[in-house]
Structures are given as structure tokens and as C-alpha cells.
Amino acid sequence: MRINDFLITYDNSLLEVLEAIDRSGMGLAILVDAEGKFIRTVTDGDVRRLMINYPEKENNLQKLQEIKSIYATENENNLSLITKMKENDIQHLPILNSELRPVDVVLRKNIESPIFLSSPHIGDNEIQFVNEAFDTNWIAPLGPNVEMFEKEFAEKVGCKYALSLSSGTAALHLAMIALNVGRDDIVFCSSLTFVASANPILYQGATPVFIDSEPETWNMSPPALARALEKYEKLGKKPKAVVIVNLYGQSANMNELMAICDTYGVPVIEDAAESLGATYKGQSSGTFGCLGIYSFNGNKIITTSGGGMLVSDDKKLIDHARFLSTQAKDPANYYLHTQIGYNYRMSNILAGVGRGQLMVLDERVKTRRKIFQMYQEAFNGSDLFEWMPEPEGYYSTRWLTCALLKTKNISPDQILNLSTRRGIEIRRIWKPLHTQPLFQGVNYFSHDETLSFSDHVFERGICLPSGLNMTITDIKRVIELFSGILH
Ligand SMILES: *Cc1c(COP(=O)(O)O)cnc(C)c1O
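These numbers were taken from a predicted model, which means no experiment stands behind them.

Caption draft 1: Structural detail: the pattern of salt bridges. Scanning all chains against the criterion turns up 21 salt bridges. Between Arg-40 and Asp-46 there is a salt bridge; the shortest N-O distance is 3.1 Å. Salt-bridge contacts for Arg-101 lead to Glu-99; the nearest nitrogen and oxygen are separated by 3.1 Å. Under the relative-accessibility criterion, Glu-99 is labelled partly exposed at 44%.

If you want it as C-alpha cells, here you go:
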């Protein structure tokens, strides 16, 4: 649907008006004046009444009744649009720019049934585990669901120990402490990520250094990491840890990155908050570093509404983190404390939700991949998208379908404006952390001297709706949005 296809003026014949209405596919055309400014909408019914009320010679648009057509301006939000449509009992609303020229038409049915980026999806098993928790009065942040969730999770990803926590951020924080990250320490971290990856570095009073992504995986660039380690080695400041993030459902190049870190003897924390279910050369994402973290926040591939997991093959690290996660209570028959503790445990109720969700992880990965495939096929051969790559040996969950816009004719911002008015939630890619005001002045190592790849991804990238609740009709709606943009 392109707005210019159904703009009409007083000069158009009624047949031409009907043709415009037909082209719009929405049962209306938009009448504009000689300068292209909005006058009113015209429907089939308006044309019918003109034909009935006026003898043939006179039945032209000039005879249209003067009405005050309802419209909205470009900067109105969806709540304001829906309110206008409800108050006036109308199904469409023309959107005008500041010069009062029509730029779009909003359909009430689209705004009333929004398509979300990635909404939580609860299956059939969760309630059973939650009921068990209630029935047996295990409502505390410990209990059988917690123990079983940790055991089942460790088995699923193929690591020895797992600790369920109140969030992925808590898991990262405890990982920092377990590796003795403290004041004046340096921690390297991927730049292209959610701020939660780096905040725990600040909690510990340490200083982050950000590392760019590579085009092959969108994750940490091995050459940039190598340059950074070399530079800091020369300065005599070895980082305490490297946080490698696995973005949007895909592992980083773990072989190369681990080899580089091993050379310098720096431990790796893998932030696999977005990549549960992904593998790299057959091994689960999140199990390469000495510690790995996952998130069960509402929008992640499985959710406990809020929660996280810390994993490791090193029993000492997990035991220490477990101790800190429950207020660091020393063994005694009274309350004895020698260290700072935290209240970071997951409740037995939420662990029940997690157990149910974990059972359907593989299915969910398949569905997310299928959604990606539908997008990919719809735009096969078009010049619109450059999809996030999935190199050989990588198995991505396609948690979110992500792409760079190839055409320079449209920006991610413009797409967000359009999609919001169609009730479609599209998001931009994470803004690289080295460009965040919070981290002003922090050191950054780009992929190479000429290319900061994370900046490029931010400038051109978008995430498409990829939720498991999406119907085929929803996916078609998203595809139609972009087909419209393509023309
Ligand atoms: C969601 C997320 C986190 C934080 O997880 P929470 O459970 O929300 O605290 C950390 N890192 C990345 C990359 C994430 O996407």
C-alpha cells in the first residue's frame, strides 16, 4: 500500500475515484487539494451517494458534502491514534506531516492487535511444577524445583554445575566476584550488547574496555581482542576477565577467542543470555568459558518471568557463587558473616516455570529458525536485507531475526516509525556500549583500523518480530510492511 496510489483531487472522475479506492485495499481514497494538502477521505459509500443524488452530468466530487475528516499527525503515539478512532467510531486514520500532506493511513485492526518483538510464551508443563511447589509448601528460594532445574539445565547445556539466580545480571555479577574482579581491575567486554553485560564490571568498581564485533558472526572480533590483549600486556595491565557475548541467538567464534585468551591466561565469562539453545561446533553456547551465564527474562527464548543461571565445570567457582547468592552465611548455628553477601537466588516457584520451559527449548529453537526462514524466503533475491550470518559450524537459535538494511534509501528510524503505526514492534540493534554516555572515555578496540563493525550494525540494523506466539498472518503482516517499503 503506497499512499500516492490512492490520492485523488476534485478533478478525478468518479470512476477514477473508485479505482483509487480499489487500489488502496482499504475501502477509501484520500482527497487532496492542488498543493497535495489533505481535505478528507472518500469511501465507496460517498461515491454511491453522489451517483444516487445527482443526475449523471453533475455527479462529480465537487458535490461531496463538506465534512470534517479526522486525521492524526506524524508525532502522535498509538494510544492517541486508537483513542481518535474509537471516539469517532472509524476504522482508518490518515496521518499527515507538518505540511498537512497525507503520508500514511493507520488501520484500527492493526493497532488493536499488535505484533510484539518477542513475547513470553507459556506452555502446558509449567503449571504442574508450580502447583507442586504450592502443594508441598516449597515457596522459598530453595526446594525441589530449584535443585531439579539446576540439574536439568546443566544436563541440557552439557556442563557440570549450574546455579539458578534471580537474573542474568546477578549471574554476571557473581561471575565477576568469583573471578576476584575488584577495584582498579580491567575487564574486557563485547561492545555490541545490552548494557547488562557490562554493568556488573562497574558494580565491582572495575574498568571495562570494549571490543568490537566481526562481520562473520556479529560477535567479538578475534583480531580486535588480540590487539587489545597485546596492548594491555605491554602496559603491564592484564585484564581480570573477558566477557564474550553471544548475541541474538548466535555463538561467538569461540575456538579463536578461547585460544587468544588462553595465550594470555585470561579467564572467559560467556554471556549466553541470548543464546540458550545455540551451539558452536556441536557444543552449547555458554559452556566454553570458565563461567557462563543465561537469562530467563520475559523476552528471552525461555523465561521464568525473571531469572538467570550461572554455569561452570569448576565446582569451587559455583560453590562460592552459591554461598554469596544467599547472603554469604558462614557455617555456624547462628548468623555469622565474614564476606559481603547478596540475595540473588531464584524462588522454587519460578524454578518450576523454568523446568516446564526447558522441556520445550528445542521446539522453540526450531520455531524461531522457521520464522527466520519465512522472512528470508520472502525477501530472497531482494535488495532489502543482509541477514545476520550463520557461518558453517554454528547453529543459531535465531532468537531474534536480525538484519542490516542494504538500501540507503531508508533508515532504521524511518522503519520504526512506519512499523509502529502498523502495530508491529521492530527494534534497533543494541547501541554499542563504547558509544554510551555511561561509558564515556572508556577504551575501545575496533575490528580493524578502518572499520568499527558494531557502529555499522547499529546504524543499519533492525530486529524483526520473532515471538513464538506469531501466527502465519502476523508474519505476513510484517512481510507486507517491508514489501511496501521495497516499492
Ligand atoms: C538479557 C540480557 C542480560 C541480562 O539478563 P537479565 O536476566 O535481564 O538480568 C545480559 N546480557 C545480555 C546480552 C542480555 O540480552
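Caption draft 2: Highlighting the sheet that holds strand 15 (residues 308-312). Spatially, eight strands are ordered 7-15-14-11-10-8-9-20 in an open sheet, and the strand pairing comes out mixed. At either margin of the open sheet sits one strand with a lone partner, and together these are strand 7 (161-165) and strand 20 (444-445). Both strand 9 (residues 207-211) and strand 20 contribute to a ladder of two bridges, which runs parallel. Across the sheet, Ile-211 pairs through a bridge with Phe-445, a residue of strand 20. Where helix 7 (residues 168-178) meets the sheet, its contacts fall on strand 7, strand 8 (186-190), strand 10 (241-245), strand 11 (268-271), strand 14 (291-295) and strand 15, and the angle it forms with strand 14 comes to roughly 165 degrees.

Caption draft 3: Focus on the packing of helix 7 against helix 11 (residues 315-325). Across the interface, helix 7 lies against helix 11 with an axial gap of 10 Å and an inter-helix angle of 120 degrees. Judged by the angle between their axes, helix 7 and helix 11 are oblique. Both helix 7 and helix 11 take part in a crossing whose hand is right-handed. On the side of helix 7, the interface is formed by Leu-174, Ile-177 and Ala-178, while helix 11 contributes Leu-317, His-320, Ala-321, Leu-324 and Ser-325. Residue composition of the contact of helix 7 with helix 11, grouped by class: six nonpolar, two polar and no charged.

Basis of the calculations
- Residues numbered from 1 in each chain as written.
- Predicted model: local features only at pLDDT ≥ 70, side-chain atom pairs only at ≥ 80, totals over all residues.
- Heavy atoms only, no water.
- Salt bridge = Lys/Arg side-chain N within 4 Å of Asp/Glu carboxyl O.
- Buried < 20%, exposed > 50% of the residue type's maximum accessible area, 1.4 Å probe, protein only.
- Pairing = 2+ DSSP bridges.
- Helix = DSSP H or I, 4+ residues; strand = E, 2+ residues; numbered from the N terminus.
- Contact = heavy atoms within 4.5 Å.
- Axes fitted to C-alpha atoms, helices over the stretch in contact; angles between N-to-C directions.
- Parallel < 35°, antiparallel > 145°, perpendicular 65-115°, else oblique.
- Left-handed = near helix turned anticlockwise from the far one by under 90°.
- Nonpolar A, V, L, I, M, F, W, Y, C, P; charged D, E, K, R; others polar.

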